[in-house]
Amino acid sequence: MGFEGVDAVYPLSPLQEGLLFHALATPDSGMYVNQCILTLRGELDTDTMVEAWKRAVERHEVLRTFFVWEGLASPAQVVDRQIELPFEVHESETLSPPARRAQMDSILQHRRQRGFDPSVAPLMCIDLVRTSHRTHDLVWTFHHLLLDGWSMFSVLKDVFGAYEALRRGDDVTIEAPRPYRDHIAWLRRQDVAGAKAFWQRTLKGFTAPTRIRGLADHAAPVASLEAAARTEIRLSADTTSALEALARKRRLTMSTLLQLAWAVVLGRWSDRHDVVFGMIVSGRPADLAGYESMVGLFTNTLPVRVDLRADEPVIEALTRLQQSQLELRQYEYSRLVDIQSWSDLPAGEPLFESILLFENFRKEMPLDSMLETLRVDNVRWFEHTNYPIAVLAIPEERFLIRLLFHRDRIDTDAAARILDALRSTLEAMAENVDRPLRALPLASDSRHRVLVEWNDTEMELPSECIQERFERQVARAPNALAVADDDERLTYRRLDRRANRLARHLRGLGVGPETRVGLCLRRSVRVPEALLGILKAGGAYVPLDPDYPAERLAFMVRDSGIRFVLGERETLDVLPRHGATIVTLDADREQIDAAGDGALAVGTTPHNLAYVIYTSGSTGRPKGVGVEHRSVVSLVLGADGYARLGPGRTLLHFAPISFDASTFEIWGALLRGGTCVVAPAGPVSAARLGRTLADHGVDTLWLTSSLFNAVLDEDPGVLAGVTQLLTGGEALSPAHVRRALEALPATRLVNGYGPTECTTFAVTYPIERLPARDADGVSIGRPIRNARTYLLDRAGSSVAPGEAGELQIGGAGVARGYLGRPGLTAERFVPDPFSSRPGGRLYRTGDLTRHLPDGRLEFLGRVDHQVKLRGFRIELGEIEARLIEHPRVRRAVVRLREDRE
Ligand code: AMP
Ligand code: MG
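Residues numbered from 1 in each chain as written. Chains lettered and ligands numbered in written order. Predicted model: local features only at pLDDT ≥ 70, side-chain atom pairs only at ≥ 80, totals over all residues. Heavy atoms only, no water.

1. Quick look at the pattern of salt bridges
For the record, the criterion: Whenever a carboxyl oxygen of Asp or Glu lies within 4 Å of a side-chain nitrogen of Lys or Arg, that contact is scored as a salt bridge. Labels follow the DSSP assignment, with helices taken as runs of H or I lasting at least four residues and strands as runs of E lasting at least two, numbered in each case from the N terminus. The buried label goes to any residue with under 20% of its type's maximum accessible area, the exposed label to any with over 50%, and the partly exposed label to all in between, with areas taken from a 1.4 Å probe on protein chains only.
Applying the stated criterion across every chain yields a total of 56 salt bridges. Notably, a salt bridge pairs Asp-496 with Lys-536, separated by 2.5 Å at the nearest N-O pair. Residue Asp-496 is found in helix 15 (residues 492–509), and its partner Lys-536 is found in helix 16 (residues 526–536); the two are separated by 40 residues along the sequence. Judged on exposure class, the residue Asp-496 and its partner Lys-536 are both buried. Across the pair Arg-630 and Glu-628 runs a salt bridge whose closest N-O atoms are separated by 2.8 Å. Taken together, the shared-partner salt bridges connect Glu-488, Arg-498, Arg-501, Arg-526, Glu-529, Glu-568, Arg-589, Asp-593 and Asp-597 into one network.

2. Describing the environment of Tyr-548
So the rule is basically this: Whether two residues are in contact is decided by their heavy atoms, any of which lying within 4.5 Å being enough.
With respect to the secondary-structure elements, Tyr-548 resides in the loop between strand 18 (540–543) and helix 17 (550–559). When its relative accessible area of 18% is taken as the criterion, Tyr-548 is described as buried. Taking the C-alpha atoms as reference, Tyr-548 lies 9.2 Å from Val-574; in sequence the two are 26 residues apart. Tyr-548 has contacts with Leu-553, Met-556, Ser-658, Phe-659 and Phe-872, leaving out every residue within four places of it along the chain.

3. What to know about the packing of helix 7 (residues 237–249) against helix 12 (residues 412–431)
To keep it simple, the criterion reads: Axis definition: a line fitted to C-alpha atoms, limited for helices to the stretch in contact. Angles are taken between N-to-C directions and run from 0 to 180 degrees. Any angle from 65 to 115 degrees is called roughly perpendicular, while one under 35 is roughly parallel, one over 145 is roughly antiparallel, and all others are oblique. Working rule for handedness: look at the near helix, and if it is turned counterclockwise from the far one by less than a right angle, call the crossing left-handed; if clockwise, right-handed. Gly falls in the polar group here, along with every residue not listed as nonpolar (Ala, Val, Leu, Ile, Met, Phe, Trp, Tyr, Cys, Pro) or charged (Asp, Glu, Lys, Arg).
Running from amino to carboxyl end, helix 7 crosses helix 12 at an angle of 55°, the nearest separation of the two axes being 9 Å. On the basis of their axis angle, the class for helix 7 and helix 12 is oblique. Read as a crossing pair, helix 7 and helix 12 show a hand that is left-handed. Of the residues in helix 12, those in contact with Thr-239, Ala-242, Leu-243 and Leu-246 of helix 7 are Leu-426, Glu-427, Met-429 and Ala-430. Among the residues making up the contact of helix 7 with helix 12, the classes are represented as 6 nonpolar, 1 polar and 1 charged.

4. Brief notes about the packing of aromatic side chains
Formally: Two rings belonging to Phe, Tyr or Trp (six-membered ring only in the last case) form a pair when the distance between their centres is within 6.5 Å. Interplanar angles under 30 degrees mark stacking, angles over 60 mark edge-to-face geometry, and anything in between is tilted. Definition used: whenever NZ (Lys) or CZ (Arg) falls within 6 Å of the ring centre and also within 35 degrees of the ring normal, the charge is taken to sit over that ring.
This structure, assessed with the given rule, holds 23 aromatic pairs. Ring centres 6.4 Å apart and planes at 65° place the aromatic pair Trp-186 and Tyr-291 in the edge-to-face group. Note that Trp-186 is positioned in helix 5 (residues 180–188) and Tyr-291 in the loop between strand 9 (274–281) and strand 10 (300–307), a separation of 105 residues in sequence. For the pair Trp-186 and Tyr-291, one class covers both residues: buried. Consider the rings of Phe-829 and Tyr-843, whose centres lie 5.0 Å apart with planes at 45°: the pair is tilted. Of this pair, Phe-829 sits in strand 33 (residues 829–831) while Tyr-843 sits in strand 34 (residues 841–851), placing them 14 residues apart in sequence. Three or more aromatic residues link up through ring pairs in this structure, and these residues are Tyr-10, Tyr-180, Trp-186, Phe-198, Trp-199, Tyr-291, Phe-298, Tyr-331 and Tyr-333. Above the face of the Phe-298 ring, Arg-284 is positioned so that its terminal group lies 4.2 Å from the ring centre.

Right, dumping it as structure tokens:
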């Protein structure tokens, strides 16, 4: 080259061009000044150390490089033949520890502030601080234009190698590595058209950047170090080695594990399943000779796009990601600005706002092994980034993860939670990669709390059906009062015998396991008797409320495939025509009574159907929820956490039989040895209710919240004898609850929450205190025995404590599904990713809830258009579908549509 004292002149790499541009635009920012600090312990020979650095500078061209741009079409880098290396020695041995720290801070800051003029070599300097006669801190400050992290370690390795050799008096002339300019030449030969096609394919359809929740908009690039903050965590040694073992066993890189984990966290924080983040790649082509020992700026930042499929097993997502990385490596040299312009993103939108860096060079180049007489300690350096969030992963014995973030874009608390989420995602990966992606949980401590501790509800269940559990009570106390209404009282033995007769009669007609039997009765002791009769015959009951509209009853009879209907003359009259066999309890009495009253062996199992209860359906058709015996037995045997049941307890059966509150009212008494008082049929008023409660000594009562409010408004005194008052079915009114707590000091008030699909109750709260503000609502409490609650986001991942998620419920109470509606069943009853039991399912309630700090749940509202009207669950879609059936409504709608067009 024709320059005096110059070894080489050559163009910049794309990344260098970008850096130089930014560095010149923000000269005082210190953004691209890197500092590496390490402590050297042992007898240090300063002169030899200076000499060792000089040798390194001789050996590596980039350390003698400066930049020229003025008057040039494109900037160039120039390698000086000789430079003077600034090497300053400081003393701090005599200082107190705080003063020593202050001195170090001031050296670091001074160097950063002064920065480097890119046009003057060298763009680096060394400070050696003697802190005691056997310890030194070494500070190496350099411009990022020269080197990347890998090269930084390479140079240090050379320096220490030279130091040891010089100390021993050996020859240190080692062959110089391939120069950086070879890399620039290689870059210029790469296939731009191929890269363009690859990136266009990779980013196709990605039209909106991944917006991290809570990340402030910020048009201007961050140009101040002051805004940069950091937070870091370490994985446990166990988790680290589990991840390493996983990587080895499945032939994955640690970087792939980290990338997927970051994608999952991003997905959660952006509510997207298609995410893009930046990744810093080594930029050293794997298949070219001599690249590992080259020194310079090779790294490049590239977009990584991850398509998160909630149902895909983690291992498959990892394999897929790793595969795409292999392809990406071929185009690793691509310029980010080019990629951006090839993408479908609108101009000016950033491709990503977070970047990931996997710093494996630390592990690959252990500095300690370079030195015989010195020990290297506490190697650290200041990284900074102009992205709002950067994740640095540093593989050590305990994997270190550092989050660099810009305080003016995201607050410290959110950054800490993001990091926590990343940690727990990695922990979950270390545990099991065969689960689907959706099962990857959140913050580790909170994750354990939310998923495990707060769901620690398991209770052993006997393998018994409802009628068997009842028969156990008959055997135990045959003369105890089982059921009573205003006209009749039956002991357990008498009720059992009557039910046996009915069962035998039904059996004779062909009722057996899974046979649905309609029940159309007004409230009286006949109801429990009929229910038991149906179950004892092996069948399942389908309540048909005689007060329902005929059309709806007709639909239910058809839809549930009922082959038998049980009722009384008067109630059966209201049923529209149907093909089912009719059993009229009053008219057929003689026949029934002739059937004999011994118990039948029916061969049902706890997994057989016990009942079908209809609820509103959003498409206009109600849907029948099929509940199995085991769910009812679990509900009743597991109630102790919120209601005391058993001999001596008197429950009122007051809810319409077509509501699943009746499950609790009736079986909560009869399977536990208590008494079921059947409220008289007819209109409801506080006074009438009060009379029934008093006449029969009822101590346990369920009222839907609207009824609860009405009774409290009318006359709370009628409830005075009730020691257990359960209410709910819809959000409670804090004002009414407060009034009840005051007016009924001897009553235990319980908020009962549960969809029909989970067998009456799933979550309950014996109300101890009310929130300070009424607006916060009354907590619904905690899952009952054998119920597990999960709060999931749209992608199916557990949300952090305090955040709103859809409540999904698992456990013994989960119903079989919707009768004859496999599609709808599959949509609402999904595989339970948190359960190790095969076949476990979660019911998606559609209720939005969040965790209070102590684990209780708060009901926030619906995710859909379901409402409650006086305790009735109604899908607005059903109303809409019915309205549109009306010719006048239809005409009006058609007209409206025409008007609009
Ligand atoms: P149902 O199947 O009729 O019991 O209706 C279940 C739905 O009622 C739930 O999904 C909730 O939306 C609502 N719900 C039931 N109990 C409560 C409660 N205690 N607080 C708030 N909402 C409730
Ligand atoms: Mg309910």
